[in-house]
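Next come the chains, spelled out residue by residue.
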Amino acid sequence: MFRILLLAAPAALLSLPALACDGFSVEGGYVRSSTAMSTSGAGFMTLVNQGTSDCRLVGARTEAAARAELHTHQIDANGVARMMEVEEGFAIPAGGTHALERGADHLMLMGLTAPLTQGQTVAVTFVFEDGSEASAELPVDNERMPGAMGGAMGGMGHSHGN
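Residues numbered from 1 in each chain as written. Predicted model: local features only at pLDDT ≥ 70, side-chain atom pairs only at ≥ 80, totals over all residues. Heavy atoms only, no water.

(A) The confidence of the model for the chain, seen in detail. Looking at the chain, pLDDT values average 83 and 77% of them are 70 or higher. The low-confidence segment residues 8–18 (pLDDT under 50) makes 1 contact with residues lying over four places distant or belonging to another chain. Note that pLDDT drops below 50 for residues 149–162; the model gives that stretch 44 contacts with residues more than four away or on any other chain. (pLDDT = per-residue confidence, 0-100. Contact = heavy atoms within 4.5 Å.)

(B) Structural detail: the pattern of salt bridges. Considering all chains together, one arrives at 4 salt bridges under this definition. Across the pair Arg67 and Glu69 runs a salt bridge whose closest N-O atoms are separated by 3.2 Å. On the basis of relative accessibility, which here comes to 47%, the residue Arg67 falls in the partly exposed class. Owing to a relative accessible area of 14%, Glu69 belongs among the buried residues under this scheme. Between Arg82 and Asp76 there is a salt bridge, and its shortest N-O distance comes to 3.3 Å. (Salt bridge = Lys/Arg side-chain N within 4 Å of Asp/Glu carboxyl O. Buried < 20%, exposed > 50% of the residue type's maximum accessible area, 1.4 Å probe, protein only.)

(C) Spotlight on the packing of aromatic side chains. Under the criterion given, the structure shown has 3 aromatic pairs. Ring centres of Phe24 and Phe128 lie 5.0 Å apart, and the angle between their planes is 70 degrees; on these two criteria the pair is classed as edge-to-face. On the criterion of sequence distance, the pair formed by Phe24 in strand S1 (residues 24–33) and Phe128 in strand S9 (residues 121–128) is long-range, its members being 104 residues apart. Like Phe24, the residue Phe128 is buried in the burial classification. Between Tyr30 and Phe44, the aromatic rings sit 5.4 Å apart at their centres with planes inclined by 45 degrees, giving tilted as the arrangement. A residue pair is termed long-range when its members are at least 10 positions apart, and Tyr30 in strand S1 and Phe44 in strand S2 (residues 40–49) qualify at 14 residues. Of the two residues, Tyr30 and Phe44, neither departs from the other in class, the shared state being buried. Following the ring pairs from residue to residue traces out a cluster consisting of Phe24, Phe126 and Phe128. The ring of Tyr30 carries the charged tip of Arg144 above its face, separated from the ring centre by 3.9 Å. (Phe/Tyr/Trp six-rings, centres within 6.5 Å; stacked < 30°, edge-to-face > 60°. Helix = DSSP H or I, 4+ residues; strand = E, 2+ residues; numbered from the N terminus. Lys NZ or Arg CZ within 6 Å of the ring centre and 35° of its normal.)

Now the structure itself:
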């Protein structure tokens, strides 16, 4: 029996699907809150897929918040920008990128477990459509201004309702 298991194990490993986002990384990432008393915050970064297969980011989690959601902004009929969850997630093409920036797609952190303090880091686990995961450490930068460079994403400022 043991011999059969020894022979079957390598074959089982070879039959596993390749990770959908092999080659994933985060560039220029940071998180921030609107104020020291905010109950929510947001993460901005460029999602990079250096792999040969498209992938889809469908979720995230962090101990820094009760919930982490993928969000975007949509302009309503009155010209008012409203944030909304993107339940289908964000596609990251093979060899491509997807920007999470102010005023556009972003990572929303709701129910912060503690204030986001300048200089600390926040561990975020990204969850992909195939169930695979990747982690990143994002610095807190509450001083970064919209459009500021230095690895930051530019873009329009937006409020998280705090």
